[in-house]
Amino acid sequence: MGGESVGLNFLLLDAGGAAELVVPGGTMLLDAEFARDGSDLMLTGPGRVQVLVRDYFGGVEPPVLMTEGGARVEPDLAARLAGPRSRPRSKPPRKRKPP
C-alpha cells in the first residue's frame, strides 16, 4: 500500500488489497488521464507526472482512490475512465500481400 518514488516524475503505488489508496500530488488524481496496463492502472497528470498503481484491477475489489485532501474516485469510475479491458486475439492478423 505504500508508495515508491522511482524518478522525479514517476511514482509506484501498490494496491495490495487496500480499501483506500491515497494518490500523492495534491489534486493530480482529479486531473489525470486513466489507462489500463494489464492489471495495473496508470495515471498521467499535468506535466507528464505518472503514477502506476500496481495490481489495481487484479484483486476482487479495487481500492477507492483518494487525493490527500480527501476527494474520492470510486473503483467503478476509475474503471470507466481507464477504458475497457483489452481482449486477447484469437488468431494473429493475416499479412497482406502487396498489390
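Since this is a predicted model, take the numbers as computed values, not measurements. (Residues numbered from 1 in each chain as written. Predicted model: local features only at pLDDT ≥ 70, side-chain atom pairs only at ≥ 80, totals over all residues. Heavy atoms only, no water.)

A. Representation of the pattern of salt bridges in the model. Across all of its chains, the model carries three salt bridges by this definition. Between R72 and E20 there is a salt bridge, with the nearest N and O atoms lying 3.0 Å from each other. A residue pair is termed long-range when its members are at least 10 positions apart, and R72 in strand 8 (residues 72-73) and E20 in strand 3 (residues 20-22) qualify at 52 residues. Taking the relative accessible area as the measure of exposure, E20 reaches 43% and is therefore partly exposed. When the shortest N-O distance is used, the salt bridge between R80 and D76 registers 3.6 Å. (Salt bridge = Lys/Arg side-chain N within 4 Å of Asp/Glu carboxyl O. Helix = DSSP H or I, 4+ residues; strand = E, 2+ residues; numbered from the N terminus. Buried < 20%, exposed > 50% of the residue type's maximum accessible area, 1.4 Å probe, protein only.)

B. Geometry of the packing of aromatic side chains. Using the criterion set out here, one finds one aromatic pair in the structure. The interplanar angle of 90 degrees and the centroid separation of 4.9 Å between the aromatic rings of Y56 and F57 together place this pair among those described as edge-to-face. Residue placement shows R36 over the ring face of F57; its charged tip is 4.0 Å from the ring centre. (Phe/Tyr/Trp six-rings, centres within 6.5 Å; stacked < 30°, edge-to-face > 60°. Lys NZ or Arg CZ within 6 Å of the ring centre and 35° of its normal.)

C. Inspection of unusual backbone geometry at higher detail. The phi angle at R48 is positive, at roughly 65 degrees, despite the residue not being glycine. By the secondary structure assignment, R48 is in the loop between strand 5 (40-44) and strand 6 (50-54). Here D55, not a glycine, exhibits a phi torsion of approximately 60 degrees, which is positive. Tracing the backbone through its elements, the reader meets D55 in the loop between strand 6 and strand 7 (64-66). The class of D55 is partly exposed, set by a relative accessible area of 35%.

D. Inspection of the side chain of T44 at higher detail. If you trace the backbone, T44 turns up in strand 5. For T44, a relative accessible area of 9% translates into the label buried. There is a polar contact of 3.5 Å between the side chain of T44 and the side chain of Q50. T44 has contacts with A32, E33, V49 and Q50, leaving out every residue within four places of it along the chain. (Polar contact = N/O pair within 3.5 Å; in protein donor to acceptor, adjacent residues only side chain to side chain. Contact = heavy atoms within 4.5 Å.)

E. A look at the nonpolar core. Among the nonpolar cores identified, the biggest contains 19 residues, and F34, L41, L43, V51, V53 and L65 are the most heavily contacted of them. Those elements that provide at least two residues to this core are strand 2 (10-14), helix 1 (28-31), strand 5, strand 6 and helix 2 (75-82). (Core = buried A, V, L, I, M, F, W, Y, C linked by side-chain atoms within 4.5 Å.)

These figures capture arrangement, not role.
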